[in-house]
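Below are the chains, spelled out letter by letter.
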Amino acid sequence: MRDFSQDLSQLSINTATVRKQWPLDRIIDECARRGIRAIAPWRDQVAAVGLDAIARQLRSTGTRLSGYCRGGFFPAKDATGLRAALDDNRRALDEAKTLDAPCLVLVVGSLPGALDGQPAHRDIARARAEVRDGIAATLEHARSLGLPLAIEPLHPMQAAERACINTLEQALDLCDELDPARSGALGVAVDLYHVWWDPKLAQQIARAGRERLLAFHVCDWLTPTRDLLNDRGMMGDGVIELQRARAWMEAAGYAGHAEVEIFSDHWWAQPGGLVLDTCIERYRTVV
């Protein structure tokens, strides 16, 4: 397993981790000042500063991307909504290409309207079928750009609102169906917050192999978890066996970044510099 104790080259910061403290241009500068040379930005943060301006800043600071957040949310209540989702995913891919991202991360969506408390229907099988069709339709544009799609399975607690793909096995079944040749156009983002509990995790990581393992997200699962979205833990503060999971990833051929992604009301209330410095320390010692 790679030694992270002295080398920050494989550390990436998902910019949601300090999104409440700073705008994206400041995040890039603060990361670069600390020797963090990779980030994973969110589309709204990019839009707030400007796509071209961020692209220039990434080049000038020598900052790479470990992924781009996010595409997905394919299910919709009607045909108009389904078409709009496909159009939005094409735009997300174009943005990711402009920023030279290695992949577009997909949070696939689920029951339309559920995020607002008013689901249009309760048919999760329909939602999963629309996810499958949406990814299939988006793959052509992804292939034309040479930019892979990374399906991110989310914890079952978010199955109704955010993602009806909830295990790595489900995600890989879709990959095998839609990209049986393992062309590199379709793979997975393994976010340990969402999949650490899965008894098949080691088996499915091995099944994925190098071609399918496109991103690796780390944080920790706190006990108790007080909020279903915004109570992720800093690495080492919870119960996830981070180094064991990374060993599985690397044994399967993964050689990319460890991307810190922390949605946390606690950490958002701390100074941004303290958060980044803590991420560095925990990356070196517990990831």
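Computed from a predicted model, the values in this text were never measured in an experiment.

(A) Quick peek at the overall build of the chain. The number of helices and strands found in the chain is 11 helices and 9 strands. The globule rule puts the C-alpha radius of gyration for 287 residues at 19 Å, and the 18 Å found for the chain is close to it. Oriented by its inertia axes, the alpha-carbon framework of the chain measures out at about 50 × 45 × 40 Å. Expressed as a percentage of the 287 residues in the chain, the buried residues total 56%. Pairs at least 24 residues apart make up 79% of the contacts formed inside the chain by residues separated by at least 6 positions.

(B) Up close: the pattern of salt bridges. Tallied over the entire structure, the rule returns 26 salt bridges. The partner of Asp176 in a salt bridge is Arg212, with the nearest N and O atoms 3.1 Å apart. Highlighted residues: Asp176 in helix H6 (residues 168-178) and Arg212 in helix H8 (residues 201-212), separated in sequence by 36 residues. In this structure Asp176 comes out as partly exposed when scored by relative accessible area, which is 32%. Judged by its relative accessible area of 1%, Arg212 falls in the buried class.

(C) Inspection of unusual backbone geometry at higher detail. With omega at -5 degrees, the peptide bond leading from Cys69 into Arg70 counts as cis. In this structure, Arg70 sits in strand E4 (residues 68-72). In this structure, the amide linkage connecting Thr223 to the following residue, Pro224, adopts the cis form with an omega of -5 degrees. Inspection of the secondary structure assignment puts Pro224 in the loop between strand E8 (213-218) and helix H9 (242-251). Of note, Asp100 is a non-glycine position whose phi angle comes to about 60 degrees, a positive value. For Arg182, which is not glycine, the phi torsion reads 55 degrees and is therefore positive. Of note, Arg182 is situated in the loop between H6 and strand E7 (186-191).

Scoring rules and cut-offs
- Residues numbered from 1 in each chain as written.
- Predicted model: local features only at pLDDT ≥ 70, side-chain atom pairs only at ≥ 80, totals over all residues.
- Heavy atoms only, no water.
- Helix = DSSP H or I, 4+ residues; strand = E, 2+ residues; numbered from the N terminus.
- Rg over C-alpha atoms; globule rule 2.2 N^0.38 Å.
- Buried < 20%, exposed > 50% of the residue type's maximum accessible area, 1.4 Å probe, protein only.
- Contact = heavy atoms within 4.5 Å.
- Salt bridge = Lys/Arg side-chain N within 4 Å of Asp/Glu carboxyl O.

Bear in mind that shape data such as this cannot, by itself, settle questions of function.
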